[in-house]
Every structure is written in structure tokens, then in C-alpha cells.
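Each chain is listed here by its residues.
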Amino acid sequence: MSVLVFVEGLNGEIKKSSLEAASYGSQVAQQLGATATAVAIGEVHEEALTKLGEQGIEKVLYDEDSRLNSFVADAYVKVIAKAAQQESSKVLVFSNSNIGASIGAKLAVRLNGSLATNVTTLPNTDGGSFVVTRGVFSGKAFADVALTADVKIIAVKKNSFDVTHNAGATATVEKLSADLADADFAAAPKETVMQETDGVLLPEAEVVVSGGRGLKGPENWHLIEDLANALGAATACSKPVSDMDWRPHHEHVGQTGITVSPNLYIAVGISGAIQHLAGVNSSKVIVVINKDPEAPFFKAADYGIVGDAFEVVPKLIEAAKALDK
Amino acid sequence: MKILVCISNVPDTTSKINFTADNKAFDKNGVQFVINPWDEYALTRAIELKEAKGGTVTVLNVGEADTEPNIRKALAIGADDAIRVNANPTDAFFVAQQIAAIAKENNYDMILMGKESIDYNGSQVHNMVGEILGIPAVVPAFKLDLVDDSTARLEREVEGGKEVVEVKLPFVASAQQPMSEPRIPNMRGIMTARTKPLNVVEPVGAEAKAEYVNYSKPEKKGGVKMIDPENAGELITLLRNEAKVL
Ligand SMILES: Cc1cc2nc3c(=O)[nH]c(=O)nc-3n(C[C@H](O)[C@H](O)[C@H](O)COP(=O)(O)OP(=O)(O)OC[C@H]3O[C@@H](n4cnc5c(N)ncnc54)[C@H](O)[C@@H]3O)c2cc1C
Ligand SMILES: Cc1cc2nc3c(=O)[nH]c(=O)nc-3n(C[C@H](O)[C@H](O)[C@H](O)COP(=O)(O)OP(=O)(O)OC[C@H]3O[C@@H](n4cnc5c(N)ncnc54)[C@H](O)[C@@H]3O)c2cc1C
């Protein structure tokens, strides 16, 4: 029996969220007295695969079919189902990304398994049970869920699990081929357009600098961008800001935008409406900069500055630039 | 064009979330329920397509009788008829089985859902339904248009960018902003909604695969540390040396 972890690549490397999933998977394997195997797809450097040993992975099954370079759910599902069968895996681990959660749901149907997404803890396996904690009610609560089917599928919430580093340990890499047919690629994307960003991707970011209506207009966004650049952070915004087209929709965080859980979330000129908080409240540290001392966001903050963003942010940029990296 | 829109019934986005004294169940006391906000994007897009091409929009909810006010609201917004599968839906796989069973009987051209139900944040029912029915699921889509009578073109978000996908009908898609601009029901809509058909059907047998056993709330923050705006740079030092996040 082995615990199977699906790892996603980005520019030939393994995404940080997948390293978290790999670390999670090998700890579950230890708990169950099993081994941890990873499955990788598409364009990933061989060294990146071998290095998964540092996260406790013993073996990586690698399907290098170049048709898998972009995400096609049916084809991915076939590859992972084959790996699961070959390894007689009863526990499958994903990162809770669009891709991970999508494949997880399809595999739950195909393998007749129990699925938990947005998972924040290792399973409690006392007495043969399998109970995990997951985030519910948009960050306002957690729930313990018992997974009752024979096969358990888990999608681990981003940045809620530390990446383990067992320096020098290596994983063996084995080729895997799922004999994919053209029909498996019927829903392949016609076109993929990646954002032009020299910065950090928002869903993967450890630090996020976010701006709200308090910034007055898109022409002032250099404040947010300069602070983000100085901190190696991604940029985000509140809903009205993207509704007014000051910023693109994919930057909008909150109840009806994306959910982020970075180590540090810096909110500038955002009031802290409950729908905004729903998307950011699992950030480890929250900083709020607002000229109104009564802004509700301060109640959810760890650090706060009451002041005018146009005066405060330049000082932060200066201090951030002075940090030695 | 026959479109099925699936809606879940969720606490209003401003609700305070509380649990019963033993932490075994969500406490509905004083909570206002609304149509899942993401599902409203799916619903309005369905109505727009119907207005442009003709056809019908059916809304479907798996839930007990207390979800009917929100089903009526969807009818008031512009759906033609509704189905409620009479069950307490405590598992996403169970819900997916019910939706798939209705879909198998009715030959919809497309099945639209929201990106995620904001109560249990599963983000899985759409993909499960696609898999059960053996049709593509495009998740999460923010643009949906028909190319011709048998093909749709969607744009979906992927981490770090977007993908353009063309699929043959029928398919499943989940909606997110800015697929459409959700509508508020008008007086006429509210009046006609009362007479539109709302069919209640019993669930098909399906097993649940996850069981919610306990709830908890996040730990309260230790309080906010305020920094003098004149010495704003001090914040960066604290973030590095005290919070250790830089
Ligand atoms: C169903 C529903 C879903 C929603 N989903 C989301 C969502 O996903 N995400 C989201 O963000 N919102 C969402 N909203 C909207 C939400 O309720 C708020 O309206 C929104 O978050 C407010 O955005 P804001 O904080 O940028 O603007 P405002 O509320 O206008 O706040 C601006 C803030 O900037 C401060 N300010 C002004 N000038 C300065 C200055 N010079 N320096 C410093 N501070 C300054 C002000 O004091 C104020 O606190 C949703 C609403 C509903 C009803
Ligand atoms: C312990 C527990 C208690 C619950 N109590 C209630 C309750 O009291 N009242 C109640 O109405 N519901 C209740 N639900 C059901 C809940 O609202 C969701 O419908 C269900 O849990 C699926 O959630 P999800 O997060 O996995 O959905 P997701 O996979 O995130 O949902 C994606 C999309 O699927 C569709 N969808 C999801 N659920 C339904 C549904 N039920 N009917 C039609 N379409 C749907 C929507 O389009 C939604 O946007 C309960 C669920 C649980 C687990």
C-alpha cells in the first residue's frame, strides 16, 4: 500500500503547494505504515522529481506525454487512476488548487472514494477511523469530517502545512504511461493565456499586498506594486476595485473572489467588509493600513497603522527596500 | 436550449456562524438563507442565453422544504420551472448523485452551477456530476458563449492565467465572476414566480461518503498592535523580527 501524492509542475519545478502536499502525504504514509509515492505529469525537470525525496517521497511515477503539458481533466484522471491502481493506493493527496480539487472530485466518483477538500490537518486514524479537519463557512469555521469509504482523497489547503526538508534524500523516478487516446483530450484547451507578470502568482504567494477603494484610482496602484516588489509579494484587491476595472478580476479576493492564505496579508485602504475577510481570514499575519480608526478590518488585524495610505506606504516601501534579503 | 441551473441554499454572506452547544451541528437560529452567490452568476447567464436563443431554464435544489423561498426567488429572477429533490443534503457525493439522476431523465443541453457552495466550500459537486454523466466539466468558468447549436466556448481560470475551452453540448460548467451581472427580481417576476411549477421529487438511493462529526471556530486573534504612522517603517522591522514573516 502506498499513499499517492499528485504533484503539479510550474516552469519545470514543483509548485510550493505541491511540496506541501508531498510533505503531508509522507506523514500520512508514516502514520499508516505505508510508503509515499508521487505522480507527476507533463513538463517537470528530472532533478525536481528526484528532490521530492526531501519531502519523504520514495518513488515518483512520471508520465512525460507532452499532450499533458496543459491541464485536461479526463487525461489527468486516467494517469492518476492508473498510478493508484498500480500502487494499490487507498489514500490520494492533492493540493487544493483548481487542478487538484477537480481531479480529486472526478477520482472520488471513479474510485468510489471519499473526498475532503480544503483540508488543514493530518488525519486522526485512531481505531481505524479517518477524520480530517477542513475549512468551512468561508474561513469562519472548521469541521471534522470522517471519510468512510475505502479510498480516501484529500486536497490540502494551501499554506496550512509546512514543507519538510530531509536534506539530501532522493526519490527514484519511474516512467508511467497511461496509453492515452485522442478522445481523452477532447476537452483540451484551445488556447492558454498566462498573465503577464514578472512578480509572484497570487494563489501561491507567501506575502500579499492588497489595495481597496481607499487608493482612489488605478493611477495610484504603483504604491501597491512597489511595496509588493520590495517584499517579493503578489498583488490583490477588493471587489469594488476589480468591478470598476482598476484591477483585473483574478486579483479580487473574498467571498466571491479567490481565497488566499499567505503568511502575511497587507491591506491598504480596504474597510474589511465581512465578504472581504472571508477570502483572507486564514492568513497567518494581517496588517491593516487605513485612515479610519473605526475601520472594521482592524478587529481582524495583527498589526495596524491609522494613517493616510499616500503618506504611510512610501515609508513602508523605503523600509522594505532597506531590508537585507 | 434546455438549461439546468443547480443552486444551493446558504447562510447570507454577512451571517455570524455559530454551532449548537455540543458543536455537532450548525445553528440555524437567526440565520438568513440566500441563493449561493456563485450560483446567481450561473442563473443569470442561463437566463441571458435563454433570452438570446430561446429555450427553458430549470432550477434544481437538493434540500428540504425550507429552501423553497430561495427556489421561488430563482423563479422570480427568471427561471421557468424548478425541481426540489426532497432530502437533507449532508454530503456532496449524495448531492451529485441526485443532480445526475435528474439530468439523466431530462436531456439538458447544459448544466450550470456555481464555483463553490459558500457554506461547505467543497468545490466538487460540478466535477462529480460531469464524471457521473461522462460529460466535460469546465470549472471554474468566467465566460460562456455559444459558438453554434452544438458547441460552447468558455473561458476558465487556471492558476496564473486563463484557458479558452470549446466543448460539445451537453456539458457541466461552474460559474464565477464576471460571467454575468446577477439580477434582482422585479415585482412582475415575483408575481409570476408564484404560479411557476416547483416539482418536489424524492431522492434516488445514494450513499454518503463523508460524515460531519464536529465543528470549531478559529482561534481569536491576540489583538492588534498599532504602529505610529510617523514611524511606519517600524512595521517592516516588526514583521521581520517579531512576526517573522519577512
Ligand atoms: C454577496 C456579496 C459578495 C461580496 N464579495 C466580496 C468579495 O469577494 N470581496 C470583497 O472585497 N468584497 C466583496 N463584497 C463587497 C463588500 O461588502 C465591500 O463592499 C467591499 O469589500 C468594500 O471594498 P473596499 O474596502 O475596497 O471599499 P470601502 O468599503 O469603500 O473602503 C475603503 C476604505 O479605505 C479607507 N480609506 C479611504 N481613503 C484612504 C486613505 N487615503 N488612506 C487609507 N485608507 C483610506 C476608508 O477609510 C475605507 O475603510 C461583497 C458584497 C456582497 C453583498
Ligand atoms: C453537515 C451538513 C449540513 C447541511 N445542512 C444543510 C441545510 O440545513 N440546508 C441546506 O439547504 N443544505 C444543507 N447542506 C448542504 C450544503 O448546502 C451543500 O449543498 C452540500 O454540502 C454541498 O456542498 P459543497 O460545498 O460540497 O458544494 P460545492 O461542490 O462547493 O458546490 C458547487 C455547486 O454545486 C451546486 N450545488 C451544491 N449543493 C447543491 C444542492 N444542495 N442542490 C443543488 N445544487 C447544489 C451549486 O451550483 C454549487 O455552486 C448541508 C451540508 C452538510 C455537509
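See the structure printed just above.
Conventions and cut-offs
- Residues numbered from 1 in each chain as written.
- Chains lettered and ligands numbered in written order.
- Predicted model: local features only at pLDDT ≥ 70, side-chain atom pairs only at ≥ 80, totals over all residues.
- Heavy atoms only, no water.
- Salt bridge = Lys/Arg side-chain N within 4 Å of Asp/Glu carboxyl O.
- Helix = DSSP H or I, 4+ residues; strand = E, 2+ residues; numbered from the N terminus.
- Buried < 20%, exposed > 50% of the residue type's maximum accessible area, 1.4 Å probe, protein only.
- Pairing = 2+ DSSP bridges.
- Contact = heavy atoms within 4.5 Å.
- Axes fitted to C-alpha atoms, helices over the stretch in contact; angles between N-to-C directions.
- Near = heavy atom within 4 Å.
- Polar contact = N/O pair within 3.5 Å; in protein donor to acceptor, adjacent residues only side chain to side chain.
- Areas by Shrake-Rupley, 256 points an atom, 1.4 Å probe, with all protein chains shown as cover.
- Nonpolar A, V, L, I, M, F, W, Y, C, P; charged D, E, K, R; others polar.
- Parallel < 35°, antiparallel > 145°, perpendicular 65-115°, else oblique.
- Left-handed = near helix turned anticlockwise from the far one by under 90°.
- Patch = residues over 30% accessible without salt bridge, like charges linked within 9 Å, V, L, I, M, F, W, Y side chains within 5 Å.

Asker: Explain the pattern of salt bridges to me, and be specific about the residues and the numbers.
Answerer: Per the stated rule, a full pass over the model turns up 30 salt bridges over all chains. Here K239 of chain A ties to D243 of chain A by a salt bridge, and the two come within 3.1 Å at their closest N and O atoms. Here the residue K239 of chain A and the residue D243 of chain A both occupy positions in helix 6 (residues 239–243), the gap between them amounting to four residues, near one helical turn. For the salt bridge of K50 of chain B with D80 of chain B, the shortest nitrogen-to-oxygen distance reads 3.2 Å. A residue pair is termed long-range when its members are at least 10 positions apart, and K50 of chain B in helix 1 (residues 37–53) and D80 of chain B in the loop between helix 2 (68–77) and strand 5 (81–86) qualify at 30 residues. Residue class for K50 of chain B comes out buried when judged on its relative accessible area of 17%. In this structure, a network of salt bridges that share partners links the residues D74, K106 and R110 of chain A together with E131 of chain B.

Asker: Requested: an account of the sheet that holds strand 14 (residues 234–237) of chain A, with residues and values cited.
Answerer: Read from one edge of the open sheet, six strands run 14(A)-13(A)-15(A)-16(A)-17(A)-13(B), paired in parallel fashion. Each having just a single partner strand, strand 14 of chain A together with strand 13 (225–226) of chain B make up the two edges of the open sheet. Relative to strand 16 (residues 285–290) of chain A, strand 15 (residues 264–268) of chain A runs parallel, the two sharing five bridges. Paired with V268 of chain A across the bridge in strand 16 of chain A is I289 of chain A. Along the sheet, helix 5 (residues 222–231) of chain A contacts strand 13 (207–211), strand 14 and strand 15 of chain A; its crossing angle with strand 13 of chain A, the most-contacted strand, is approximately 175°.

Asker: Before we move on, can you summarise the site of ligand 2 with the specific residues and values?
Answerer: All names here are of chain B. Around ligand 2, 30 residues are found, and the nearest of them are K28, D39, D119, G122 and S123. Interatomic distance of 2.7 Å between a backbone N/O atom of S117 and an oxygen atom of ligand 2. Against a free-state accessible area of 900 Å², the protein chains account for coverage of 93% of ligand 2. Looking at the shell around ligand 2, the elements with two or more residues in it are strand 4 (56–63), helix 3 (92–106), strand 6 (110–114), helix 4 (125–133) and strand 12 (210–216). Considered class by class, the residues forming the shell around ligand 2 number 13 nonpolar, 13 polar and four charged.

Asker: A description of the side chain of S180 of chain B should follow, citing residues and the corresponding values.
Answerer: Residue and element names in this part refer to chain B. Counting through the fold element by element, S180 comes out in the loop between strand 10 (171–175) and helix 5 (187–193). A distance of 2.8 Å separates a polar side-chain atom of S180 from the backbone oxygen of Y41. Of the polar contacts made by the side chain of S180, one reaches the side chain of T44; its length is 2.6 Å.

Asker: Give a detailed account of the packing of helix 3 of chain B against helix 4 of chain B, specifying residues and quantitative values.
Answerer: Residue and element names in this part refer to chain B. For the pair helix 3 and helix 4, the least separation of the axes is 9 Å and the interaxial angle reads 45°. Classed by the angle they form, the pair helix 3 and helix 4 counts as oblique. Here helix 3 runs over helix 4; the crossing is right-handed. Residues A92, F93, V95, A96, Q97, I99, A100, A103 and K104 of helix 3 pack against V125, M128, V129, I132 and L133 of helix 4. Of the residues assigned to the contact of helix 3 with helix 4, the class counts are twelve nonpolar, one polar and one charged.

Asker: Requested: an account of a nonpolar patch on the surface, with residues and values cited.
Answerer: There is a patch of nonpolar side chains on the surface, built from M187, I190 and M191 of chain B and spanning about 290 Å² of accessible area. Of note, M191 of chain B is situated in helix 5.

Asker: So what about helix 2 of chain B? Which residues, and what values?
Answerer: Taken as a whole, helix 2 of chain B has its buried residues at N70, I71, A74, L75, A76 and I77 of chain B. Phi turns positive one or two residues past the end of helix 2 of chain B, at G78 of chain B, with a value near 145°.

Asker: Go over the side chain of N263 of chain A, please, and point to the residues and values.
Answerer: Of note, N263 of chain A is situated in the loop between helix 6 and strand 15. Polar side-chain contacts of N263 of chain A include one of 2.9 Å to the side chain of N159 of chain A. Contacts of N263 of chain A, omitting those with residues within four sequence positions, involve N159, E206, K284 and V285 of chain A together with V245 of chain B.

Asker: Mind laying out the packing of helix 1 of chain B against helix 2 of chain B, listing which residues take part and the relevant values?
Answerer: All names here are of chain B. Here helix 1 crosses helix 2 at 35°, and the two axes come no closer than 10 Å. For the pair helix 1 and helix 2, the crossing hand works out as right-handed. Every residue of helix 2 that contacts helix 1 at E40, L43 and I47 is listed here: K73, A74 and I77. Across the contact of helix 1 with helix 2, the residue classes tally to four nonpolar, no polar and two charged.

The values reported here are purely geometric and, on their own, carry no functional implication.
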